[in-house]
Amino acid sequence: MISELTEQIKQSQWAARALEPDHDRRKEANDIVQEYAEAFLEKLRDTKTYIQAGYDDATLSDTDFSHPHDIDRVIHLLEKHMENPGINPAHGGHLGYIPGGGLYAAALGDYLADVTNKYAGVFFASPGAVRIENALIEWTAKLVGYEKGFGGNITSGGSIANLVAVTTARDAKQLKAKDFDRAVVYTTKQVHHCIDKALIIAGLRECVVRYIETDAQWRIVPAALQQQVEEDKNQGLLPFMIVANAGSTDVGAIDPLQEISAIAKQHGLWLHVDAAYGGYFLLLDEYKEKMKSISEADSVVLDPHKGLFLPYGTGIVLVKQLKHLQNAFAYEANYMQDTVAMTDSISPADVSPELSKHFRGLRMWLPLKLYGEQAFRDCLQEKMLLTKYFTNKVQELGYEIICEPEMTVVAYRFVPQTGDANEFNKKLMDAMHKDGEIFISSTMLDGKFVLRFACLSFRTHIEHVDKLLAMLRRHKEELLK
Ligand SMILES: Cc1ncc(COP(=O)(O)O)c(C=O)c1O
């Protein structure tokens, strides 16, 4: 009986051997993958940033995994059907939304994280991986100005990081289901919609959201906030959280954090700062000053896949007092009993919704170690200078800017002498997308259809901005004809 079973096991092991390629097969696969990656990077400068046509190609929807394929055939499939159409976010011409990065060293970090498959959720399982993630959280917390007693987590992005913050705030303020329809959140129309989603997921669908008046730079007006909180209290509502922006998506607005923090303290409100886009600008002295009271916030979100140029899939949430994060997320399970004695370092699983998690810290740690902080500062500085350059040049072309840029996003539009400005800019946007050499996106601000220049890719240089300006001139003139 046992010998029969042993024989079956051996046969299964032999049959599944493809899952464990030997050295030569690994090398062959590596060479092919690397050759493709190199060709992809080398051709970037000659390719478009956005290709619109061909959405009907459904080759990659194929669900037939019944037989093995050679790696060169599979890579060919990706090259032919995945690379295009769509946006090419690895391209320096990606100036839409908030561009992500894609540092090469981060890809190497992902490769090593996957090959070693370190279990980064629990200190007991991989002290080294957890130490790396906690070191990155500490480094980011120091940037924000948190000194000690803070907690944090590396998430898959800003949306999940904001969800963690909202959930933590809800529990720290001891809101219970019976309070939800009286709970009040204060923010502005500049808030990222992931906050609305986070409120819903956190059970707060019925809460009251107050969009407070903003100034000409789309920043919250503190006096209006103060007045609204007082009115709400008088009406028997439960003000509990302010969500401020440190770099809003639409225009890069930075709310007056010092005044907001004073109001939060006066009324016992949780202050959350969404710095998903703007947070790593704290590496620059100018922004340390502009955002100086960010250290007063109860929680802050920063996205390394924005301001540190990492590939998509990396956000960070920081909470000023670790205990609040633990209250919201620490849990014990019988089958995890062997892990609890190891308490040298906080385990990510105790401060986040995740248990098994990708060792995503490695893609951040490797570039920081290899290149050092200064290279990141220099690159952010370049984006600042390119934004100034664009702001001047686009106005010379006859475009109006909607407000003075505070960071590296510029909202602008062309107002024709006759006809509807929104219609004109929509058509301009279509023409820009059909062209695709450089990719930009648009938004609505107070009923105005505006174009956006969002400069955050580490690959964006002056030649990309010049190409964009040439496109804006060409397509505007064609439309005016
Ligand atoms: C200010 C801000 N907050 C949150 C988010 C959401 O982050 P993610 O796309 O990483 O989930 C974004 C995305 O652009 C953002 O700009």
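Residues numbered from 1 in each chain as written. Predicted model: local features only at pLDDT ≥ 70, side-chain atom pairs only at ≥ 80, totals over all residues. Heavy atoms only, no water.

Colleague: Talk me through the overall build of the protein chain; I want residue IDs and the actual numbers.
Modeller: When helices and strands are counted, the protein chain shows 16 helices and 13 strands. In terms of overall size, the protein chain behaves like a compact globule, its C-alpha atoms giving a radius of gyration of 25 Å where 481 residues would be expected to give roughly 23 Å. Overall, the C-alpha framework of the protein chain stretches about 85 × 60 × 40 Å when taken along its three principal axes. Expressed as a percentage of its 481 residues, the buried residues of the protein chain come to 49%. Contacts spanning at least 24 positions in sequence make up 77% of the contacts within the protein chain whose residues lie at least 6 apart. Surface summary for the protein chain: the accessible area is close to 23800 Å², and the carbon and sulfur share equals 53%. (Helix = DSSP H or I, 4+ residues; strand = E, 2+ residues; numbered from the N terminus. Rg over C-alpha atoms; globule rule 2.2 N^0.38 Å. Buried < 20%, exposed > 50% of the residue type's maximum accessible area, 1.4 Å probe, protein only. Contact = heavy atoms within 4.5 Å. Areas by Shrake-Rupley, 256 points an atom, 1.4 Å probe, with all protein chains shown as cover.)

Colleague: I'd love a proper account of the sheet that holds strand β10 (residues 400-401), names of residues and values included.
Modeller: Strand order in the open sheet formed by four strands is β10-β11-β13-β12, and the pairing between neighbours is antiparallel. Both edges of this open sheet fall to β10 and β12 (441-445), since each of them pairs with a single strand only. Examined bridge by bridge, β12 and strand β13 (residues 448-454) share five bridges and lie antiparallel to one another. Its bridge partner lying in β13, Ser442 is registered against Leu451. Of the strands in this sheet, β11 (409-413), β12 and β13 touch helix α15 (residues 421-435), which is tilted by about 40° from β13. (Pairing = 2+ DSSP bridges. Axes fitted to C-alpha atoms, helices over the stretch in contact; angles between N-to-C directions.)

Colleague: Tell me about the site of the ligand, and please be specific about residues and values.
Modeller: Inspection of the region around the ligand gives 14 residues, with Gly158, Ser159, Thr249, Asp274 and His305 positioned closest. For the ligand, an oxygen atom lies 3.2 Å from a polar atom in the side chain of Lys306. In isolation the ligand has 380 Å² of accessible area, and contact with the protein removes 84% of it. Secondary-structure elements contributing two or more residues to the shell around the ligand are α6 (158-172) and α11 (304-307). Sort the elements by how many residues they give to the shell around the ligand and α6 lands first, with three residues. Each residue belonging to the shell around the ligand can be placed in one class, and the counts come to three nonpolar, eight polar and three charged. (Near = heavy atom within 4 Å. Polar contact = N/O pair within 3.5 Å; in protein donor to acceptor, adjacent residues only side chain to side chain. Nonpolar A, V, L, I, M, F, W, Y, C, P; charged D, E, K, R; others polar.)

Colleague: I'd love a proper account of the domain arrangement of the protein chain, names of residues and values included.
Modeller: Here the domain parsing of the protein chain yields domain 1 (110-371) and domain 2 (373-480). Taking the mean C-alpha position of each, domain 1 and domain 2 sit 30 Å from one another. Taken together, the contact pairs 31 residues of domain 1 with 23 residues of domain 2. Between domain 1 and domain 2 lies a buried interface of about 2500 Å² when both sides are counted; carbon and sulfur atoms form 65% of it. (Domains from an automatic or database assignment. Buried area = accessible area lost by both parts, 1.4 Å probe.)

Colleague: Quick one: what's the story with helix α16 (residues 462-480), residue by residue and with numbers?
Modeller: Three- or four-residue spacings in an α-helix give side chains the same orientation, since the helix completes a turn every 3.6 residues. Relative to the 27 Å expected for 19 residues at 1.5 Å per residue, α16 spans 27 Å between its end C-alpha atoms, a close match to the ideal helical length. Buried residues of α16: His464, Val465, Leu468, Leu469, Met471, Leu472, His475 and Lys476, and no others. Projection of α16 onto a plane perpendicular to its axis shows the buried side chains occupying an angular sector of 160°, all on one side. Next to the buried residues of α16 lie α14 (373-396), β11, α15 and β13. (Expected span 1.5 Å × (residues − 1). Arc of directions from axis to C-beta.)

Colleague: Describe the packing of helix α13 (residues 362-371) against α14, listing the residues and the values that go with them.
Modeller: The interhelical angle for the contact between α13 and α14, taken along N-to-C directions, is 95°, at an axis separation of 6 Å. In terms of their interaxial angle, α13 and α14 are classed as roughly perpendicular. Across from Pro367, Leu368 and Tyr371 in α13, the residues of α14 making contact are Glu373, Ala375 and Phe376. Here the contact of α13 with α14 is built from residues that sort into five nonpolar, no polar and one charged. (Parallel < 35°, antiparallel > 145°, perpendicular 65-115°, else oblique.)

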